[in-house]
Structure formats: structure tokens, C-alpha cells
Amino acid sequence: MTLLSDYPPHDPAVPTAAPAYQPHTAPHDPTKGTTMSNDARTRHALSVLVENNPGVLARVSVLFARRNFNIDHLVVGPTEDNKVSRMTIVVNVNAEQLHKVTNQLDKLVEVIHIEELEDADAIRTQLWQINDNGPRPVGAMAAAAF
Amino acid sequence: MTTTHIPDGATTTAPGDTGGASVGAELRTGAEALVGTLERLGVEHVFGLPGGAVLPLYDALYGASVRHILVRHEQGAGHAAQGYAAATGKVGVCLATSGPGATNLVTALADANMDSVPIVAITGNVASTAIGSDAFQEADIRSISMPVTKHSFLVTRPEEIAATVSSAFHIAATGRPGPVLVDVTKDALVAAADETMLQLPMPGYRTPTVPSPEAVRDAVELMLGARRPVLYVGGGCLRANASEEVRQLAELTGIPVVTTLMARGVFPDSHPQHMGMPGMHGSVSGVATLQKSDLIISLGARFDDRVTGAKDTFAPKAQIVHVDIDPSEIGKNFPTAVGVVGDARAAIAMLVTEWTRRTAAGAAPDYERWIAKSLGWKRRYPLGYDAPSDGALAPQLVIERLGAISGPDTIFAAGVGQHQMWASQFIGYDQPRHWLNSGGLGTMGYAVPAAMGAKVGRPDATVWAIDGDGCFQMTNQELATCSVEGIPIKVAIINNAALGMVKQWQALFYSERFSHSQLPSMQVPDFATLATAYGCVGLRCDRAADVDATIERAMEVDDQPVVVDFRVSQDAMVWPMVAAGTSNDDIQHARDVRPDFGEDE
Ligand SMILES: Cc1ncc(C[n+]2csc(CCOP(=O)(O)OP(=O)(O)O)c2C)c(N)n1
Ligand SMILES: [Mg+2]
């Protein structure tokens, strides 16, 4: 009998560190077969007031996944009205995609109000600082692939 | 150590208990409040199947004025609700238990979501105290259904049941219609319900306002300046009951019309301005009129890939005026010159008024050459079919005769596949709500239950399901429902012993390597015998000479469902065709026959 790989498997070698995080995504290569313009992507921060219902976070993230938009940062917290929560969502999209994603978000019954915030880069920097703690991810994916 | 008792959600109420009935006091139970709300909203029919979590609800339904129709599979309940809604314009309702009952509804929810069909699905769930414990028959259907519904609710408190159910109906029916799910936990159904709250606040749900007059003005400006305009009429005009307005606008302007698969019947097929259906299996004139236009006036349509073909070559010279009730549709697939947000009926009426005002003031557009050109395509490339090479019965003939013999008031519900396309091509639809099909999701198994729902909603109409031998096997259990509940639908199985549409693609694009697309179903099961077993009349026909007599025989039966097994050619193909991913310019009228569109202007 031939084994496809050695058994027991070797201990995985320590993977090399992943390249450092690049805050700016590489320029988007225009999708074929679409007549839509593909101007440069930029960072946008949305402040979204939603009903404070169970499942509302799932609904918003399902929408992003379903419509093939990526979320850079997402923060959810209470507001002074306990029936309303605020989501701050940072996305990296072009103007047209931004229009599309806000249009789709706006259709959600539990989304009350959407506003684009000024200075998305500063907001992203703050969110990055809040979120950038705990164990380092370096090599985690590579190790799992062994 | 104390053990926490987690009640088994599905069996909170012991047998012999009061179940869903009120326990003395003034307050009704949640279940009674739910049924009472359905009655208050004027619901007459519900399609469903009981189970542990909805026992209280079924107890409350016992003796209620709402007629509950017991289906044999929850998917059937969902499609029946769709067929009911599509045929009547009312909200269709289906009902299922927790877990598997609820998950069985998912296909119908997704289908209704794609085709904007107003339905409300009510499901039971385990007791709120058991949620998250992996209780028996627990499924998070609120989350599962999120991407395939307009909205989904989970109700755990009895006092929110009435308000949530009526809000669900409001959401389903207003704006762009769609499916709404209401999942109610069993403890909420059993508890006493304060019914003072009648609607949820829903501050984020806005129904569209009147179309902007500026947008209407700009749209008409473009229409007046265009040389080759086309009215691209979609399913939104059907849902908005706008067929009268579409006709007015068409006749007033003289602009050629195409109707999508979802909109068959919104504008009469027999109307001289009708150029046919655009899209993958549209008519040559329908495809060309859209493709060669310089202005597309889209009325409740959504530029689906099956209509546009390869996007980068779609209607290269055309600007777009897009009328839609859903703002997110405007500009979704193509850049739009003018977007008119609003109900199709209201928007088209405003276009008519503005057009009348402008032409009275002297505007005089000239579309004559363009109209002549479209009519030329229509004349030169009519729909047709060849006699099958194997000498067998032509499926198109069967469908053509069905349309002719059963008459213009018949409602047709199609499955998905070749037979669906032939049914859209070879029957003339002159009225809206007489053609039901699964356009967006393309769900095999839609036809029989949808026909059942349509017949319940329109008991005086003749309802034919035109189904494939493959599709029929997916939901034919609802024939039992039809027999037992007295719902005499008629089913024509276009039996080509194949998953014909798949086979056609394999013939054209996979060198006739017919991997898993041929069914030995000429015999297994024998559909006529199966029909008899279900308490239906079963007929069979395999010769052109017998087609008329068989259809007439089926038309005579009106107290029982009828199933006709039409054994047709295995080789017939659907033409014309724009192959997936290719340009509308490359439409084939028949195999390897490309129409000559003449010089572009
Ligand atoms: C639920 C589902 N599964 C698979 C498909 C893919 N599919 C599209 S058409 C088709 C063949 C349908 O066969 P049949 O009902 O016999 O119709 P025909 O094309 O032969 O007329 C299949 C398998 C589908 N649309 N839906
Ligand atoms: Mg078939």
C-alpha cells in the first residue's frame, strides 16, 4: 500500500511570517463583462442606525456577503435610544459600489438611517488601533494548511 | 447539583391539555391571536402541514373561517402560496412546523424573492426557553431565510404576534413585493396574548413615494429624441397591475414592446406592436428590437443576464430609462440615463400625461423606419419548429394545441426546462396573471403546486400545469392534495424521457455527451397509472393525431384533477437561442442559422 503522505505526519515546519498588512488594497482589476465604470476604490465609513433587534448584525453581514461586498471594519454599539443601535462600517469600494451597497442596506427593514461619515481614513485608523491587540495572526493560516 | 430543566420545545403542552385554546380569561392565546389576525386581514386560504411546534396554531385553526389546505410537502405549500398570489394579486400564505417543516419552505421563499411574489410564511419554532439548545426540530429559520426573503421575524412574545403578522403582510404586499417569514416560538403561541399592538413601528421600512416629475420629464425628453426606442416590459408591471397603462403608453407613442418571461400577458401577444420576448429563448424580433435600440424604456424589469446575454455587448447603442419601484435596481447592472423610482402603474400614467402634454405642444418624434424594421424582423423570423427527426410527437405541437383548445381564459403554470420555454413561446397570452412560472430561480417542481394554488384562488378558471417529466417528479405528491381537497387542476406532462434542457446544452456545448440527463421515465413511473393512484384521471397520448381528442377529453373532466402523459420526441430543441455568455447579436434562429438584421442605422 502506498500512502499519499507520510504517516504519522511530520510536525509542521514553522511557517514563514505572512507579509505585513497593506492598508491599501491593490487597484481593482476591472471585472470583465460589466459595463459599469470601475473608478478607483476608496475607503468609506458608514454610520448606520438600526433597530436594536436580535439578529440585526447577522442580517447586515449576510447582505454584504450576498451582494459580494467586503467589510473592512465593523463596530456595533448602543445609542442613547435603547431601541436603536449604531453600526460603523468601513468599506473599500468605488463610488458606484458604495451607491449600490447603501441602496441595498437601505432596503433592510431594520435599517433606519445611513449616513456617510467624513474622514473615513481617520475612523479606520482608530478602529485599527482598538482592534489591533491579542495574539498575532502571523503564520496561522499557513500552519493550518500543513 | 441542580440540573437546569430545558423544556423540549416541541412538546411543551401535554396531550389532553387545552392546547391552543383560551384558558378561561378574556385574553386569547398567541395562537388564537395569530389566526384572528389572519381573519382580520381577510385571509381566506392557507397552505400548510402541521407538526409539534405549531400544534397550538392548528388547534386554533380548527373551526376557524380561514380554509387550511393540507399539503403533502411544505415546498408544495410554498409554491401553492406563490401560485395563489401570482394568479390573484393577493398575499399567499403558507404554514409549516419548526425544523424540517421550515427548511422545506426555503426553496419557495427563494423563488418568491427572485420573482417578487408577495407571500407570508408562518413557521412554529421550539419554545423560546429551548432556543439555542439544539432542541428537537429546532432550526434557526429566521437566519436561514435572511438572504432569500424580503424580511424575516422571530417572535418570542405573545403580545407581538398580532402586530408582527400584520406587519409581515404589509411588507409582503407593499413596495417591491416579496416573501416574509414569521417564525413564532411555541411558548408564545400557548401563552395569553395582549393584542393591543396592531402594527410594529418599523421606522426603517419606507414604501416608495410618487415618482419625481423631473425624472418623468427627463424620461419623456429622451423618448422624444430617440430614433429607435423600445418598451422593455417586465414582471413589475404585472405585480403593479399596470397592463392597462402599458397599453396606453405603447399605443400613444407607437413604440415597439417586448415582454419578459415574467411579464407574458401584461401586453397582449396578439397586439401588432408586440415584438415578442427578449432573452435566451426569446423571439428574433424581441431580441433584436432590444439589442438594436437606441433607448430602452425599462418598465419593472431588471436586466437579468438571461435577457441581456453577454453584458459588454448588450444593446451597445442604447441609453436606458429605468422605471422601478426598487431604487437599488436602478443602475444595478447598467448605467442608467434616467431613473424613475416608483410604482410602475403610477409612473407609466405620469409618462402618458407628460407625453400627451409634449406632443400637444408640438413635439413629433419619428420612429417610422424603426417600427418598420422591427415589424420586418417579426415577419421574417416567426417562431416555429421542425417536425422531430425521430418521427415522434412534437412537444411544441402539444403545447400549441393546449393553448388553442383550452382558450384565452386559461391559466398556465409551467415547470422549468424546455417545456417552460415552449409554453412561453407557443401559447399566446393576452391577459396578465394567466402565465405563472419560476423565472428568476428556475425551480423545477414549481408547476403542480403553483397550479394548485392558482386554482384555489381562481376556482372558476381552467388551470393547466405544463410540466416536464423531470420536474413533475419533484412535487407531484400535491396531486393527492388536489384530489382530496377538490382542486381539479389539469397537468400536461411533456414527457421527453429526459432532463431535456440539460440534454440540449450537452448536445450543443458538450459534444453530445449526455451525462445523466436521460431518464428512463417513459415507463418509470408510468405517469397515467400514478395519476390514477392519486385519485386523478390519467391519460396518455403519443400520436399527433390524438392530441386534440386527448386535450378535449381532459377539458371535459371538471370534478377531478387530470394528468396527461404526452410522450413526445426526445430530440426536440428550443429555438431561437442566445447561448449563455454570448452576445444577443449572435442569436440563432434555429441551429446554426443566424438571422440577418440588415444595416445598422
Ligand atoms: C430544482 C432544480 N434542479 C435542477 C435544475 C436544473 N435544470 C434546469 S432544466 C432541467 C431539466 C428539466 O427536465 P424536465 O422537467 O423533464 O423538462 P424538459 O427540459 O425535459 O422539458 C434541469 C435539471 C433546476 N432548474 N431546478
Ligand atoms: Mg423532460
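What you see is a predicted model; the values in this text were computed from it and never measured.

Novice: Hey, could you go over the environment of B:V220 for me, with residue numbers and the actual values?
Specialist: All names here are of chain B. Within the element layout of this structure, V220 appears in helix 9 (residues 213-225). The spacing of V220 and G538 is 318 residues in sequence and 54 Å in space, taken between C-alpha atoms. Not counting the four nearest positions on each side in its chain, V220 is found in contact with L351, E354, W355 and R358.

Novice: I'd like a rundown of the domain arrangement of chain B, residues and numbers included.
Specialist: Residues and elements named next belong to chain B. Parsing chain B into structural domains produces domain 1 (28-193), domain 2 (213-380) and domain 3 (395-567). Just the C-alpha atoms count here: the centres of domain 1 and domain 3 sit 29 Å apart. Where domain 1 abuts domain 3, roughly 2000 Å² becomes buried across the two surfaces, and 63% of that area is made up of carbon and sulfur atoms. Counting every contact that joins domain 1 to domain 3 gives one salt bridge. For R67, the salt bridge goes to E485, with nearest N and O atoms at 3.3 Å.

Novice: Would you mind going over unusual backbone geometry in detail, with residue names and values included?
Specialist: Residues other than glycine predominantly adopt negative phi, and peptide bonds predominantly adopt the trans conformation. Residue and element names in this part refer to chain B. Geometrically, the link from W575 to P576 is a cis peptide bond, its omega value of 0 degrees lying close to zero. Unlike most non-glycine residues, A315 shows phi in positive territory, near 30 degrees. Summarising the element assignment, A315 is placed in the loop between helix 13 (305-308) and strand 12 (319-324). Judged by relative accessible area, A315 falls into the buried class, the value being 4%.

Novice: Describe the site of ligand 1, naming the residues involved and giving the relevant values.
Specialist: Residue and element names in this part refer to chain B. Ligand 1 sits among 17 residues. The nearest are Q418, H419, D469, C471 and G500. Within the backbone of G442, a nitrogen or oxygen atom sits 2.8 Å from a nitrogen atom of ligand 1. Contact distances for ligand 1 include 2.7 Å between an oxygen atom and a backbone N or O atom of C471. When isolated, ligand 1 has an accessible area of 580 Å², and the protein chains bury 76% of it. When residues of the shell around ligand 1 are traced back to their parent elements, those giving at least two are helix 17 (418-425), helix 19 (469-475) and helix 21 (500-509). Among the elements that line the shell around ligand 1, the one with the most residues is helix 19, at four residues. Classifying every residue of the shell around ligand 1 gives eight nonpolar, eight polar and one charged.

Novice: Could you give an account of the pattern of salt bridges, naming the residues involved and the relevant values?
Specialist: Taken as a whole, this structure holds 28 salt bridges over all chains when the rule is applied. As a salt-bridge pair, B:E329 and B:K332 come within 3.2 Å of each other at their nearest N and O atoms. Neither residue differs from the other here; B:E329 and B:K332 are each classed as buried. Two residues, B:D565 and B:R567, come together in a salt bridge whose shortest N-O distance is 3.1 Å. Of the two residues, B:D565 and B:R567, both sit in the buried class. One salt-bridge network, in which partners are shared between bridges, spans A:K107, B:R176, B:D326, B:E329 and B:K332.

Novice: Now, about the pairing of strand 5 (residues 119-125) of chain B: what can you tell me, with residues and values included?
Specialist: Residues and elements named next belong to chain B. Among the seven residues of strand 5, seven are classified as buried, and the element is accordingly described as predominantly covered. Of the two faces of strand 5, the one lined by I119, A121, T123 and N125 and the one lined by V120, I122 and G124 are each fully buried. Pairing analysis gives five bridges linking strand 4 (residues 92-96) to strand 5, with the strands arranged parallel. Note that in strand 5 the partner of V93 across the bridge is V120.

Novice: How would you explain the side chain of B:D467 if you had to name every residue and give the values?
Specialist: All names here are of chain B. Summarising the element assignment, D467 is placed in strand 16 (residues 463-468). A polar side-chain atom of D467 sits 3.5 Å from the main-chain amide nitrogen of F472. Among all residues touching D467, those that are not within four sequence positions of it are G415, H419, A447, V448, F472, V491, A492, I493 and I494.

Novice: I'd love a proper account of a nonpolar patch on the surface, names of residues and values included.
Specialist: All names here are of chain A. A cluster of nonpolar side chains, L57, L74 and V76, forms an exposed patch at the surface whose accessible area comes to about 210 Å². Structurally, L57 is set in helix 1 (residues 56-66). The class of L57 is partly exposed, set by a relative accessible area of 40%.

Novice: Give a description of the state of the cysteines that names residues and reports values.
Specialist: Residues and elements named next belong to chain B. Evaluated as defined, the whole model comprises zero disulfides over all chains. The structure places no disulfide on C94, whose sulfur is separated from the nearest cysteine sulfur, that of C482, by 16 Å. Owing to a relative accessible area of 1%, C94 belongs among the buried residues under this scheme. Looking at the unpaired C536, the closest cysteine sulfur is the one in C482, lying at 7.0 Å.

Conventions and cut-offs
- Residues numbered from 1 in each chain as written.
- Chains lettered and ligands numbered in written order.
- Predicted model: local features only at pLDDT ≥ 70, side-chain atom pairs only at ≥ 80, totals over all residues.
- Heavy atoms only, no water.
- Helix = DSSP H or I, 4+ residues; strand = E, 2+ residues; numbered from the N terminus.
- Contact = heavy atoms within 4.5 Å.
- Domains from an automatic or database assignment.
- Buried area = accessible area lost by both parts, 1.4 Å probe.
- Salt bridge = Lys/Arg side-chain N within 4 Å of Asp/Glu carboxyl O.
- Buried < 20%, exposed > 50% of the residue type's maximum accessible area, 1.4 Å probe, protein only.
- Near = heavy atom within 4 Å.
- Polar contact = N/O pair within 3.5 Å; in protein donor to acceptor, adjacent residues only side chain to side chain.
- Areas by Shrake-Rupley, 256 points an atom, 1.4 Å probe, with all protein chains shown as cover.
- Nonpolar A, V, L, I, M, F, W, Y, C, P; charged D, E, K, R; others polar.
- Pairing = 2+ DSSP bridges.
- Patch = residues over 30% accessible without salt bridge, like charges linked within 9 Å, V, L, I, M, F, W, Y side chains within 5 Å.
- Disulfide = S-S within 2.5 Å.

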